[in-house]
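Structural overview for review
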Amino acid sequence: MSRDSVNNVSSASRDLANDIIQRVAKLVSEAEAETKPLELDPYRGQLFELFVMADAAGFVSEEAEIDLTADNLCRELASHWGLASATQSAVESQAKLPPEQLSKMRILWSVLRLWMEWDYAWKRWEEFHPNDRS
């Protein structure tokens, strides 16, 4: 593969990863606006579809060119929402997190937990379905 092809693949991968992150952020915002938990459909199903896309692209691995494991995805979302600075400010001023940031932290925890659970189940599928070769 030529160097230009590798750069194009990397660029396409970055675009896809950014699209997945943006779609997760949008989904979280929609669930939050509707005051519905991510753990319930339609949000759960839509988030799972994004997990499947990330896994199919090879992003759900710490060794991947682009790491969208649960930890890194949530780190990206937290950065997108400015949660690190909000948390640091709250600690420095010995105040509670503002309600908006607290809500984002809670929903971020849901994303983290669901993404980790799916990753675990996905990786162990063959172990429990040895004759199921789709």
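Structure first, text after, so check above.
Being a predicted model, the structure only gives us computed values, none of them experimental.

Observations concerning the pattern of salt bridges
This model, assessed by the stated rule, comprises 5 salt bridges. A salt bridge links Lys26 to Glu30; its shortest N-O distance comes to 3.8 Å. Of this pair, Lys26 and Glu30 both sit in helix α1 (residues 3-33), 4 residues apart, which is roughly one turn of the helix. Among the salt bridges present, the one from Glu39 reaches Arg113, with a minimum N-O distance of 2.5 Å. In this pair, Glu39 is assigned in the loop between α1 and α2 (43-56) and Arg113 in helix α5 (residues 99-128), connecting sequence segments 74 residues apart.

A closer look at the nonpolar core
Within the largest apolar cluster, 32 residues are counted, with the highest numbers of intra-cluster contacts made by Val24, Leu38, Leu47, Leu68, Leu77, Val111 and Trp115. Mapped by element, the contributors of at least two residues to this core are α1, α2, α3 (70-81) and α5. When residues in this core are grouped by element, the largest group, 8 residues, is from α1. Beyond its immediate stretch of four places on either side in the chain, Leu38 contacts Val28, Ala31, Tyr43, Arg44, Leu47, Ile107, Ser110, Val111 and Leu114.

Here we look at unusual backbone geometry
At the junction of Asp41 and Pro42, the peptide bond is cis and its omega measures out at 15° in the coordinates. Position of Pro42 among the secondary structure elements: in the loop between α1 and α2. Positive phi, normally seen in glycine, also occurs at Thr35, with a value near 50°. By relative accessible area, Thr35 is classed as exposed at 69%.

Thresholds, definitions, all that
Counting restarts for each chain, with residues numbered from 1 along the sequence as it is written. The predicted origin of the model limits local features to residues at a pLDDT of at least 70 and limits the giving and counting of side-chain atom pairs to 80 or more, whereas totals for whole chains, interfaces and linings rest on all residues. With hydrogens and water stripped out, all remaining heavy atoms of the structure feed into the side-chain values. Whenever a carboxyl oxygen of Asp or Glu lies within 4 Å of a side-chain nitrogen of Lys or Arg, that contact is scored as a salt bridge. Starting at the N terminus, helices and strands are each numbered in turn, a helix being any DSSP run of H or I of at least four residues and a strand any DSSP run of E of at least two. In this description, a nonpolar core means a group of buried Ala, Val, Leu, Ile, Met, Phe, Trp, Tyr and Cys residues linked to one another through side-chain atoms lying within 4.5 Å. Relative accessibility under 20% of the residue-type maximum defines a buried residue, over 50% an exposed one, and the middle range a partly exposed one, all with a 1.4 Å probe and only protein chains included. Whether two residues are in contact is decided by their heavy atoms, any of which lying within 4.5 Å being enough.

Function-wise, these values are silent; they only describe arrangement.
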